[in-house]
Amino acid sequence: MADPDTDFNSGDSGASATYPMQCSALRKNGYVILKGRPCKIVEMSTSKTGKHGHAKVHLVGIDIFTGKKNEDICPSTHNMDVPNVKRQDFQLLGITDGFLSLMKDNGDVKEDLRLPEGDLGKEIVTKFENGEDVLISVLSAMDEECPVAVKPMTK
Amino acid sequence: MMAAVGAPEVISQLESAAKVLMAPPSMVSTEQRQHAEHIFLSFRKSKSPFAVCKHILETSKVDYVLFQAATAIMEAVVREWILLEKSSIESLRTFLLTYVLQRPNLQKYVREQILLAVAVIVKRGSLDKSIDCKGIFHEVSQLISSGNPTVQTLACSILTALLSEFSSSSKTSNIGLSMEFHGSCKRLFQEDALRQIFMLTMEVLQEFSRRENLSAQMSSVFQRYLALANQSTHNVTLKPTESWREALLDTRVMDLFFTVHRKIREDSDMAQDSLQCLAQLASMHGPIFPDESARVSYLAHLVEGLLSMINGIEMEDSEAVGISNIISNLITNFPRSILTALPNELFSSFINCLTMLTCSFGRSAALEEVLDKDDMVYMEAYDKLLESWLTLLQDDEHFPRGCFVQPAVQVFNSYIQCHLAAPDGTRNLDRVTRLHGQLQRHQQQLLASPGPESVDRKVLDDLYEDIHWLILVTGYLLADDPQSETPLIPSEVMEYSINHSTEVDINTTLQILGSPGEKASSIPGCNRTDSVIRLLSAVLRTSEVESRATRASLTELLSPQMGKDIVWFLKRWAKTYLLVDEKLYSQISMPLSMAFGADTEGAQWIVGYLLEKVINNLSVWSSEPELANDTVELLVTLVERRERANIVIQCENWWNLAKQFASRSPPLNLLSSSVQRTLMKALVLGGFAHMDSDTKQQYWTEVLQPLQQRFLNVINQENFQQICQEEEVKREIIATLEALCGIAEATQIDNVAVLFNFLMDFLSNCIGLMEVYRNTPETVNLIIEVFVEVAHKQICYLGEFPSLCNQYYKLITFICEIFPEKIPQLPEELFKSLMFSLELGMTSMSSEVSQLCLEALTPLAEQCAKTQETDTPLFIATRHFLKLVFDMLVLQKHNTEMTVVAGEALYTLVCLHQVEYSELVESLLSSQRDAVIYQRLADAFNKLTASSTPPSMDRKQKVAFLKSLEEFVANVGGLLCVK
């Protein structure tokens, strides 16, 4: 078995799953890890303890996979972990036993993604059953991935 | 239908409905509640409900039903006014008044509603003079003289109801009458009835002031009276007409209010009302005064009363704001000539009292701040008084010479003292040395016992607070903050420096200036130096202590607030003093000109010092957004004027900064994006300083080219499509886009062509980027932001560069055509700017640009039609564009090519906003006076849409419309374009 650290860091492109960034350089709409979860920053404000105190950053993020809200306050000199977030489109080939068959760029078929629940799942099924050619947008970060959108194929 | 039912049935129906409405939410269903509401609504709308209502009032025991009956009477009286016999209205009014009089224990809200009905009757009656106000005043005055407190309170309630009904403000009842009606009622009322009410109020007050206990009801009567006494509702000062002379100039009136205040001042609510009354009296002006002397004696009486009131009492917290209002009104509304005409002794007592009050409020305000109180009454009062001082001092030449010097010094000193820590009032202002010492002590302490908890910050924080205020005061003293004018050294400062220049040793002054590392007092001859320069050098010394502390790794112990104050001061100072332009002044101080003038060593040294400070701050304080922001702003100040920039670019540090920023490595890449943008802006501005062409070439090679190079390297990689989502790539792209925004921000009239050309290359590439990153909204937004920023900063100049302008609009149109769905998702500000660019391009640029913008409209309108959301900003924007395009096609001359493009846009917009389109046509038609033209136009419009009714986004219909449009334009073109 390989060293777990190395294993954790070896994404498909060879980049690490996260990288550090000073709090002050984070930006709204960017990503950050809050409470161990990859989040999109929806609110970012600074405050200080006392008039002559140093800045603290208040971060509110939405978990990119579960939609859950996470918050954190930290000194603005702090280094925060930022997840490498990737968004890719795959052509939908089929749906089998609640799993999506997606075609990768290199022609391989990817079959490990579950059909999402809720409206998005229904939309995918309807479109597929209507025989529309659709692309599924898949968001991935920290070894987790999840379909987030469906759209018609261009061309 | 209500009338058909017998009164007892109505009552029981209403009473059970009231029960439902009053029940707790859990007990009744929504339907039951709605039904009950409906019963009351239709009851109030029923025809001639007077008999039923009277019956209800006399028999029902349910308060809410009584309330509704009163409301029904009020509404019905107004509704059926012209049908009713005047005598029956009169008897209705008498009935209501008697009813209230006989029932002293009515619920307050029922009583008020009944009296409101009375007031509405009086008001409606006053308009056709059918009801005489005098009758009711006679009754009220009888009530007042009855000697019975309950009855007197009722009289107050009646007056209050009348006042609030007539005041034509938001308090006016909603009884379906026009604003005009309310306005004319108010005017009639003011001319006549108001003074009677005032006299009655005074009677009540006289009556009550003889008593011990006063009711709140009464105090609200005079509050309302004063609100009404104002001629205009917007004006808060008292400007009564001549007819009030007798009533208001009577000294007993003012005395009465002072007496009343003394009696009730311990009740904070009532005290506020009575002080408000006094403040109104203090604001009195206008034709009421027959002449100057009447005004002087009025003011004298007021000031005497005020002084004896203030001196005779221990002030309550709740009085502070009210009293400061009286003083502020008095100073603002009485002209200088009246103030100076006061007897000397009285005037100086007044000024002394004002000084004393100001200092005391200041101290209490500081205390409030320390205690962190929610309600900062003293702060508000203190601000009011300081403003009054400003008003006084602004034209101090009207006053006896020097009469304000002592008080002003006192006020100033107390201001400083309030903000400096104990030991209070110390004259030793060398707190920087103490800070230095304290920091050193902490350093040793830290070395002895590491760990941040071991340091007591109290002493430090006190010092920081003192220095904070000292820097602020110094900054405001030395320089103004002009918004767009050229900043000038304040003439007082200049004069002061000139007057003392004979005693000043220039060399020592320069030595102190150049030695921020040393204590000023350690330099021999330090008291023979220029004070203005010494103030700067004191701040530089503070700055130096700060910088050294950061080098000694004591940043943790420093105050970011103080750091911010320092750069704030330096920026303000540099704008005014650095490279002082002698041409702008009639006389100039030698020391200032020798220290900071053009071509002086002093100026060069300071530029170098400030630059070093900026660089140090950006690396040490990257985590303090505000401080970093103020720091880059200081940098912008250094380069935004050519003369200063010329010195800056000779500094090696500047080039290092440029290179370091271009390399995107720490610490500069840790800065927040807004700071990075401003830094880019500064670097670009610096590039327009004077340098020989080789140097310039080299500079741009180091600043702008790396940006382009890195960008092209990334996007031209063969596998860019595959790696575009990788974090490093995304960061590179985002940094580039941020930098582009910064470059756009650096636009000035003389560099717009160069910068636009440079940006244009990027902008064309950005379109492709949008395609690549269409999945990543944050990147797409940033790209559009670049476009908008370019538009915002450069478009006002672009008219001078037609070809650039065309290119820009081509890109904008392209974005709208390719990504219409992104546009509604833009942040509000961005969206507005983009729409504004489109409108500007359509209306104020060349016809080619105008065409491009019209082309952009069609996909945007189609996007709206697709989503079918009618409340989005884009939908609203398209409505505005409909009118623009309509006017353009119908009212303006244009070429045929334009007709086609505009026609397409118009058609889609019409589909989207059919109602608005019909309205446009209607209003155009209705403005035609000539019947022949009217007919021709009407026919033409009918024909225009005949083939496409109702309009829909169908290609065939659209083509038909365009064809009819050609004919339309030919038919009516000349008709309307004549104007």
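Keep in mind that this is a model prediction, so the values were computed, not measured.

Draft legend 1. Region of the structure containing the overall build of chain A. Across its full length, chain A carries two helices and 11 strands. Traced from its N-terminal end to its C-terminal end, chain A shows the element sequence α-β-β-β-β-β-β-β-β-β-α-β-β. Pairs at least 24 apart in sequence give 48% of the contacts found in chain A among residues at least 6 apart. A total accessible area of about 8,500 Å² is found for chain A, and carbon and sulfur atoms account for 50% of it.

Draft legend 2. Examining the overall build of chain B more closely. For chain B, the count of helices and strands is 46 helices and zero strands. Of all 979 residues assigned to chain B, the portion counted as buried reaches 53%.

Draft legend 3. The arrangement of the environment of Val303 of chain B in detail. Residues and elements named next belong to chain B. With respect to the element layout, Val303 can be found in helix 15 (residues 292–311). Along the chain, Val303 and Phe347 lie 44 residues apart, while their C-alpha atoms are 8.6 Å from each other. Here Val303 is in contact with Leu330, Leu342, Leu346 and Phe350, once residues within four sequence places are set aside.

Draft legend 4. Region of the structure containing the packing of aromatic side chains. All names here are of chain B. What the rule picks out here adds up to 25 aromatic pairs over all chains. Measuring from centroid to centroid gives 5.4 Å for Phe67 and Tyr109, while their planes differ by 45°, and the two rings are tilted. Taken as a pair, Phe67 in helix 4 (residues 63–79) and Tyr109 in helix 6 (residues 108–127) lie far apart in primary sequence, 42 residues in all. Judged by centre distance (5.9 Å) and plane angle (35°), the ring pair of Phe95 and Tyr99 falls under tilted.

Draft legend 5. Highlighting the nonpolar core. Residues and elements named next belong to chain B. Ranked by internal contacts, the top residues of the largest apolar core, which has 180 residues, are Phe596 and Trp654. Here this core gets 12 residues from one element, more than from any other, and that element is helix 37 (residues 752–772). Ignoring anything within four residues of it in the chain, the contact list for Phe596 reads Leu513, Ile533, Leu536, Trp573, Tyr577, Leu578, Leu579, Val580, Ala603 and Ile606. With 129 residues, the next largest nonpolar core counts Val65, Ile326, Ile331 and Leu346 among its residues.

Draft legend 6. A look at a nonpolar patch on the surface. All names here are of chain A. Together, Leu93, Met103 and Val109 give the surface a local cluster of nonpolar side chains, amounting to about 220 Å² of exposed area. By the secondary structure assignment, Met103 is in strand 8 (residues 99–103). Residue classification places Met103 among the partly exposed residues on the basis of a relative accessible area of 31%.

Draft legend 7. Inspection of the interface of chain A and chain B at higher detail. On the side of chain B, 35 residues touch chain A, which itself brings 28 residues to the contact. With both chains or domains summed, chain A and chain B bury close to 2,500 Å², and 43% of this area falls on carbon and sulfur atoms. Three residues, Arg27, His52 and His54 of chain A, lead the burial of chain A against chain B; their summed loss comes to 28% of the area buried on that side. Linking chain A with chain B are 15 residue pairs in polar contact (both at pLDDT 80 or more), by the criterion used here.

Draft legend 8. Fine view of the environment of Glu495 of chain B. Turning to its location among the elements, Glu495 of chain B is positioned in helix 23 (residues 491–499). Residues Glu495 of chain B and Ser589 of chain B lie 94 residues apart in sequence; the distance between their C-alpha atoms is 7.6 Å.

Draft legend 9. Representation of the sheet that holds strand 4 (residues 55–63) of chain A in the model. Residues and elements named next belong to chain A. Spatial ordering of the open sheet is given by 2-3-4-5, a layout of four strands whose pairing is antiparallel. Across the chains shown, the open sheet's two edge strands, defined by having one partner strand only, are strand 2 (31–34) and strand 5 (69–75). Each strand axis lies, on average, 45° off the axis of its neighbour in the sheet, ignoring direction.

Draft legend 10. Broad picture of the confidence of the model for chain A. Taken over all residues, the pLDDT of chain A has a mean of 84, while the share at 70 or more is 89%. Under a pLDDT of 50 for its full length, residues 1–14 of chain A has, in the predicted model, eight contacts with residues more than four places off or in other chains.

Draft legend 11. The arrangement of the side chain of His285 of chain B in detail. Within the secondary structure layout, His285 of chain B lies in the loop between helix 14 (268–282) and helix 15. A polar contact of 2.8 Å, which involves the side chain of His285 of chain B, links it to the backbone oxygen of Ser283 of chain B.

Draft legend 12. Expanded view of the sheet that holds strand 10 (residues 134–141) of chain A. Residues and elements named next belong to chain A. On the basis of which strands lie adjacent, the open sheet formed by five strands has the order 9-8-7-10-11 and antiparallel pairing. Whereas interior strands pair on both sides, the edge strands pair on one side only; in this sheet they are strand 9 (109–114) and strand 11 (144–152). Neighbouring strand axes in the sheet, compared pairwise and without regard to direction, differ in orientation by 45° on average. Bridge count for strand 8 against strand 9 is four bridges, and the pairing is antiparallel. Among the inter-strand pairings, Leu100 is bridged to a residue of strand 9, identified as Leu113.

Draft legend 13. Representation of the pattern of salt bridges in the model. Counting across every chain of the model gives 29 salt bridges over all chains. For Lys151 of chain A, the salt bridge goes to Asp89 of chain A, with nearest N and O atoms at 3.3 Å. On the criterion of sequence distance, the pair formed by Lys151 of chain A in strand 11 and Asp89 of chain A in strand 7 (residues 86–96) is long-range, its members being 62 residues apart. Salt-bridge contacts for Glu643 of chain B lead to Arg641 of chain B; the nearest nitrogen and oxygen are separated by 3.1 Å.

Draft legend 14. Focus on the side chain of Gln113 of chain B. Residue and element names in this part refer to chain B. You can see Gln113 is positioned in helix 6. At a separation of 3.2 Å, a polar atom in the side chain of Gln113 contacts the side chain of Thr71. Apart from the residues within four sequence positions on either side, Gln113 is in contact with Phe67, Ala70, Thr71 and Met74.

Draft legend 15. Broad picture of helix 5 (residues 86–102) of chain B. Between the first and last C-alpha of helix 5 of chain B there are 24 Å, a value that for 17 residues agrees with the 24 Å anticipated at 1.5 Å per step. The complete set of buried residues in helix 5 of chain B reads Ile89, Leu92, Arg93, Phe95, Leu96, Leu97, Tyr99 and Val100 of chain B.

Draft legend 16. The pairing of strand 7 of chain A, seen in detail. All names here are of chain A. Where strand 7 and strand 10 come together, six bridges link them in antiparallel fashion. Note on strand 10: the bridge partner recorded for Phe90 is Ile136. By the bridge criterion, five bridges tie strand 7 to strand 8 in an arrangement that is antiparallel. Looking across to strand 8, one finds that Gln91 is bridged to Met103. The hairpin turn running from strand 7 into strand 8, its antiparallel successor, is two residues long, and Asp97 in that turn takes a positive phi close to 50°.

Draft legend 17. View of the packing of helix 25 (residues 531–551) of chain B against helix 28 (residues 601–620) of chain B. Residues and elements named next belong to chain B. The interhelical angle for the contact between helix 25 and helix 28, taken along N-to-C directions, is 40°, at an axis separation of 11 Å. Helix-helix and strand crossings are classified by hand; for helix 25 and helix 28 the assignment is left-handed. The residues of helix 28 that touch helix 25, namely those facing Leu536, Leu540, Ser543, Glu544, Glu546, Ser547 and Thr550, are Trp605, Ile606, Tyr609, Lys613, Asn616, Asn617 and Val620. For the contact of helix 25 with helix 28, the residue count by class is six nonpolar, five polar and three charged.

Cut-off values and rules
- Residues numbered from 1 in each chain as written.
- Chains lettered and ligands numbered in written order.
- Predicted model: local features only at pLDDT ≥ 70, side-chain atom pairs only at ≥ 80, totals over all residues.
- Heavy atoms only, no water.
- Helix = DSSP H or I, 4+ residues; strand = E, 2+ residues; numbered from the N terminus.
- Contact = heavy atoms within 4.5 Å.
- Areas by Shrake-Rupley, 256 points an atom, 1.4 Å probe, with all protein chains shown as cover.
- Buried < 20%, exposed > 50% of the residue type's maximum accessible area, 1.4 Å probe, protein only.
- Phe/Tyr/Trp six-rings, centres within 6.5 Å; stacked < 30°, edge-to-face > 60°.
- Core = buried A, V, L, I, M, F, W, Y, C linked by side-chain atoms within 4.5 Å.
- Patch = residues over 30% accessible without salt bridge, like charges linked within 9 Å, V, L, I, M, F, W, Y side chains within 5 Å.
- Salt bridge = Lys/Arg side-chain N within 4 Å of Asp/Glu carboxyl O.
- Buried area = accessible area lost by both parts, 1.4 Å probe.
- Polar contact = N/O pair within 3.5 Å; in protein donor to acceptor, adjacent residues only side chain to side chain.
- Pairing = 2+ DSSP bridges.
- Axes fitted to C-alpha atoms, helices over the stretch in contact; angles between N-to-C directions.
- pLDDT = per-residue confidence, 0-100.
- Expected span 1.5 Å × (residues − 1).
- Left-handed = near helix turned anticlockwise from the far one by under 90°.
- Nonpolar A, V, L, I, M, F, W, Y, C, P; charged D, E, K, R; others polar.

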